[in-house]
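Here is how the chains run, residue by residue.
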Amino acid sequence: MTVLLQPFGKPGNPAGNRVLVRGEGVRVYDTDGHAYIDGLGSLWYCQVGHSRSELIEAVNSQMNTLATYNSFAPFVVDVAEQAATRIAEVSPFEDPRVFLCCSGSESIDTALKIARLVPQLKGDGQRQIIARRTRGYHGVNMGGTSLQGIAPNRENWGDLLPHVVEIDPDDIESAARLFAESGDRVAAVLCEPMQGAGGVHPPTDDYLRRLRELCDANGALLIFDEVISGFGRTGSWFASQTYDVTPDLITFAKGVTSGYQPVGGVLVSRVVADVLESDPGYVFRHGYTYSGHPAGAAAVLANIDVIEKEGLVDRANHIGDRMSAGFNALHGDGILSEVRGVGAVWAAKLAEGTTYERSCAIRDTMLDNGVVARPIGDSIAFCPPLVISDEDLDTCVDVMADAITKHPIQ
Ligand SMILES: Cc1ncc(COP(=O)(O)O)c(C=O)c1O
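Here is a short report on the structure shown in this document. (Residues numbered from 1 in each chain as written. Predicted model: local features only at pLDDT ≥ 70, side-chain atom pairs only at ≥ 80, totals over all residues. Heavy atoms only, no water.)

Here's the deal with unusual backbone geometry
Glycine aside, residues mostly have negative phi angles, and peptide bonds mostly take the trans form. Cis geometry marks the peptide bond from Ala 73 to Pro 74, where omega comes out at 15 degrees. For Pro 74, the position within the fold is in the loop between α2 (53–65) and α3 (78–90). Phi is positive for Trp 44, which is not a glycine, with a value near 70 degrees. Judged by its relative accessible area of 3%, Trp 44 falls in the buried class. Look at Phe 231: it is not a glycine, yet its phi comes out positive at around 60 degrees. Relative to the elements of secondary structure, Phe 231 occurs in the loop between β8 (221–225) and α8 (239–242). Using a relative accessible area of 0% as the deciding quantity, one classes Phe 231 as buried. (Helix = DSSP H or I, 4+ residues; strand = E, 2+ residues; numbered from the N terminus. Buried < 20%, exposed > 50% of the residue type's maximum accessible area, 1.4 Å probe, protein only.)

In structure tokens, the structure reads:
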């Protein structure tokens, strides 16, 4: 039983939870004292691992100095400004502005609103269409729900946002058709450069570059949702750098604090910031009470410091080499049917014909053997802390391989 209405849980059948009480390094521990290697970095975010004193002390010290204040004009909290500056420094943008909020979903709604705002301010108000890609996951606020490319997540919530169009996630011709039909009405395309929760799908060759070209040719904004891919996960600070394609807006959350505080945000490129800044009398009527919260901002600064000092962005590439080598060996043995990923985020596709139930059974056996991973359809996804040792990485692969053999296809 749980009194919590669990995210993505079954309210009518809340059994079977493992109750977690402690974390240390790449491991979390349950009430029975069982240790688990956190192969998913909690929920795709714990870059620096658990119980890092650098982050805990930074947040603690901030709480002892200025525990809370807002950054609505005419105030700005000093540490919020510092966090925004640090995020801007590691971003692919020259002289961006940084909006801060408390989650990926808030960052998505903010980016969607800005994408509609920009044409409104430019007197181009018929531009309202926002394109989503099939398989995309963009959080669960009304905006993100409307932009979900995972159909079941859109069901039963009543009417969602109008002017949303879905395009194929891999075939750029689908985007080209949308622009050919409605190019002057498209405000933006929302795109995870590497799709995460939809199953870990890196972009097909040239997809992102051609999407950029289509947006440019048609006056639309390109939004990269880097809530998972940001802050080192793909082997660069942002996937935009990994794939060498620069969008107009970048949403981020998760890895920005490694989850130690709930922080998200939007990186606003100069081209968009110029529009917002052109009229000195214009008021940006958007912001959350906790935008730039001091405790969150302190966590951002300490987290970026740790990632930098420990070379964790590069480490993501090493993790990728090692994990993919393990998975590719299983693929060679016919145990996996496909291996997908980039940097330190990977999915192992199980044998053809695998049901979600089989994936879940494999996940459960892995948990029994001390490794957390995520079943997505017919695949098992990994997104470990960037501090994971080679030995623990190998254990993740071995434990998965063992679990697969225990659950043959019926
Ligand atoms: C790509 C992407 N965007 C947005 C979100 C929503 O973030 P949050 O759950 O913090 O609201 C997620 C969450 O997993 C995500 O993966």
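Points about the site of the ligand
Near the ligand you find Ser 103, Gly 104, Ser 105, Tyr 137, His 138, Gly 139, Glu 192, Asp 225, Val 227, Ile 228 and Lys 254, and these make up its full shell. Contact between the ligand and Gly 104: an oxygen atom at 2.9 Å from a main-chain N or O atom of the residue. Take Tyr 137: an N or O atom from its main chain is 3.4 Å from a nitrogen atom of the ligand. Surface burial for the ligand is 84%, taken as the share of its 390 Å² of free accessible area covered by protein chains. Tallied by class, the residues present in the shell around the ligand amount to three nonpolar, five polar and three charged. (Near = heavy atom within 4 Å. Polar contact = N/O pair within 3.5 Å; in protein donor to acceptor, adjacent residues only side chain to side chain. Areas by Shrake-Rupley, 256 points an atom, 1.4 Å probe, with all protein chains shown as cover. Nonpolar A, V, L, I, M, F, W, Y, C, P; charged D, E, K, R; others polar.)

With respect to the packing of helix α4 (residues 104–121) against helix α9 (residues 270–277)
To describe two helices that pack against each other, one gives the angle between their axes and the distance between the axes. The contact between α4 and α9 brings their axes to 10 Å, and the two run at 55 degrees. Between α4 and α9, the interaxial angle falls into the category oblique. Seen from above, α4 lies across α9 with left-handed handedness. Packed against α4, whose contacting residues are Ile 114, Leu 117, Val 118 and Leu 121, the element α9 presents Val 272, Val 275 and Leu 276 at the interface. (Axes fitted to C-alpha atoms, helices over the stretch in contact; angles between N-to-C directions. Parallel < 35°, antiparallel > 145°, perpendicular 65-115°, else oblique. Left-handed = near helix turned anticlockwise from the far one by under 90°. Contact = heavy atoms within 4.5 Å.)

Details of the sheet that holds strand β1 (residues 20–24)
One open sheet accounts for three strands, arranged β1-β2-β3; its pairing is antiparallel. Since the sheet does not close on itself, it has two edges, and those belong to β1 and β3 (35–37), each with one partner. The average angle at which neighbouring strand axes cross in this sheet is 30 degrees, direction not considered. With four bridges connecting them, β1 and strand β2 (residues 27–30) associate as antiparallel partners. Within β2, the residue paired with Glu 24 across the bridge is Arg 27. (Pairing = 2+ DSSP bridges.)

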